[in-house]
Amino acid sequence: MQMKRRSIFAALLLTALPAVAQQKVKSVRLYVFDCGRLKSGNPAPLLERGVTTTDMSVEAFLIVHPRGTLLWDAGVIPDELVKPEGTVEARATVHTTLKGQLAAIGYKPADITYLALSHNHYDHSANGNAFAGSTWLVQRPERAFMFPDTPPATPINRSERWSDLKNSKTMILDGDYDVFGDGSVVIISTPGHTPGHQSLLVNLKKTGPVVLSGDLYHYPAERELKDFTPLANLGDPAQEAVSKAKVEALLKEKHAKLWIQHDIIADAKLRKSPAYYE
Ligand SMILES: [Zn+2]
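Residues numbered from 1 in each chain as written. Predicted model: local features only at pLDDT ≥ 70, side-chain atom pairs only at ≥ 80, totals over all residues. Heavy atoms only, no water.

S.K.: Go over the coordination of the zinc ion with me, naming the residues and quoting the values.
M.R.: Here the zinc ion is held by the protein donor atoms Asp 123 (OD), His 124 (NE2), Asp 215 (OD) and His 262 (NE2), which lie 2.1 Å from it. With 4 donor atoms in place around the zinc ion and angles of 88 to 156 degrees between them, the coordination shape is irregular. The sequence pattern describing where the donors of the zinc ion fall on their chain is D-H-x90-D-x46-H. With relative accessibility at 6%, the residue Asp 123 sits in the buried group. (Donors = N, O, S within 2.8 Å, 3.2 Å for Na, K, Ca; no water. Tetrahedral: all angles 85-135°; square planar, octahedral: opposite > 155°, others 65-115°. Buried < 20%, exposed > 50% of the residue type's maximum accessible area, 1.4 Å probe, protein only.)

So this is what it looks like as structure tokens:
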């Protein structure tokens, strides 16, 4: 009997601890989640320009702020399909669930205040529906593209994985947006790759300012070779060029680092959750 009571107490303590940790955050934390990897759909033009590692990382991030939490991007394969030994779907491979990584630091989807996707593409939005209870931060043209008045003849690739966002509490953005009102977490409007693509500036006390790229860039070589835009044809290349210039100016002004989310070489060096940047 006593053993049983002790184990119940231990279970209570275990579930209570993360909740306490959530409330005690005094400065902004940035957690990096491993959402798998993605093979390039068209490696030849990349190899031609000297990109020898064409595989891409898939990342999601949790930003924990004293006033709430923001999940940035939502993976490439929905958690329900991820098996412990790994799941392969088309060009993607995933070994760990997003919800499992959140749970390991004491969060469940219902705890997440805000969801922001860098853009709607399937490799950033696979678990979108799981966060339909959060407030969705989306640029006006992106939402209009995702939920047009007249449904497109060919549905957007894997749109059923984020279709529940249509009824989410939604904050429609028309440009940059300071999420918590103190300049620490700012959505940067970077259209081009998609109509309402966005990037994220996170000002961290110890690490310094970091910009999460979304798909503004896929490979570091795109920053060095200005004419190298292997995936610009997916969207509006002229608009994308303007967005790149905007972010490059921001990086310079803030002395910020750019984290290219698909850069698998840089990704390997990032501390993954439960460790965090602050
Ligand atoms: Zn992508």
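S.K.: Tell me about the nonpolar core, and please be specific about residues and values.
M.R.: Grouped together as the largest cluster of nonpolar side chains are 39 residues, with contacts concentrated most on Phe 33, Leu 62, Val 76, Leu 98, Trp 136 and Leu 165. At the level of elements, strand E1 (29-38), strand E2 (56-65), strand E5 (92-94), helix H3 (98-104) and strand E7 (135-139) are the ones that each hand at least two residues to this core. The leading source of residues in this core is E2, at 5 residues. Contacts of Leu 165, omitting those with residues within four sequence positions, involve Leu 115, Leu 117, Gly 128, Asn 129, Phe 131, Ala 132, Trp 136, Phe 147 and Thr 170. If you look at the next biggest cluster of nonpolar residues, it comprises 23 residues, including Leu 30, Ala 116, Leu 137 and Val 185. (Core = buried A, V, L, I, M, F, W, Y, C linked by side-chain atoms within 4.5 Å. Helix = DSSP H or I, 4+ residues; strand = E, 2+ residues; numbered from the N terminus. Contact = heavy atoms within 4.5 Å.)

S.K.: Would you mind going over the side chain of Thr 69 in detail, with residue names and values included?
M.R.: Tracing the backbone through its elements, the reader meets Thr 69 in strand E3 (residues 68-72). What makes Thr 69 buried here is its relative accessible area of 4%. A polar side-chain atom of Thr 69 sits 3.3 Å from the main-chain carbonyl oxygen of Asp 111. When neighbours within four sequence positions are excluded, Thr 69 is seen to be in contact with Leu 62, Ile 63, Val 64, Tyr 107, Asp 111, Ile 112, Thr 113, Tyr 114 and Phe 180. (Polar contact = N/O pair within 3.5 Å; in protein donor to acceptor, adjacent residues only side chain to side chain.)

S.K.: Provide a residue-level description of the environment of Gly 235, including the pertinent values.
M.R.: Positionally, Gly 235 belongs in the loop between helix H6 (221-224) and helix H7 (237-254). Look at Gly 235 and you get partly exposed, because its relative accessible area is 31%. Once the C-alpha coordinates of Gly 235 and Ala 126 are considered, the two residues, 109 residues apart in sequence, prove to be 20 Å apart. When residues no more than four places from it in sequence are discounted, the contact partners of Gly 235 are Gly 192 and His 193.

S.K.: Explain the confidence of the model for the protein to me, and be specific about the residues and the numbers.
M.R.: For the protein, the average pLDDT comes to 92, and 92% of its residues sit at 70 or higher. Note that pLDDT drops below 50 for residues 9-21; the model gives that stretch 2 contacts with residues more than four away or on any other chain. (pLDDT = per-residue confidence, 0-100.)

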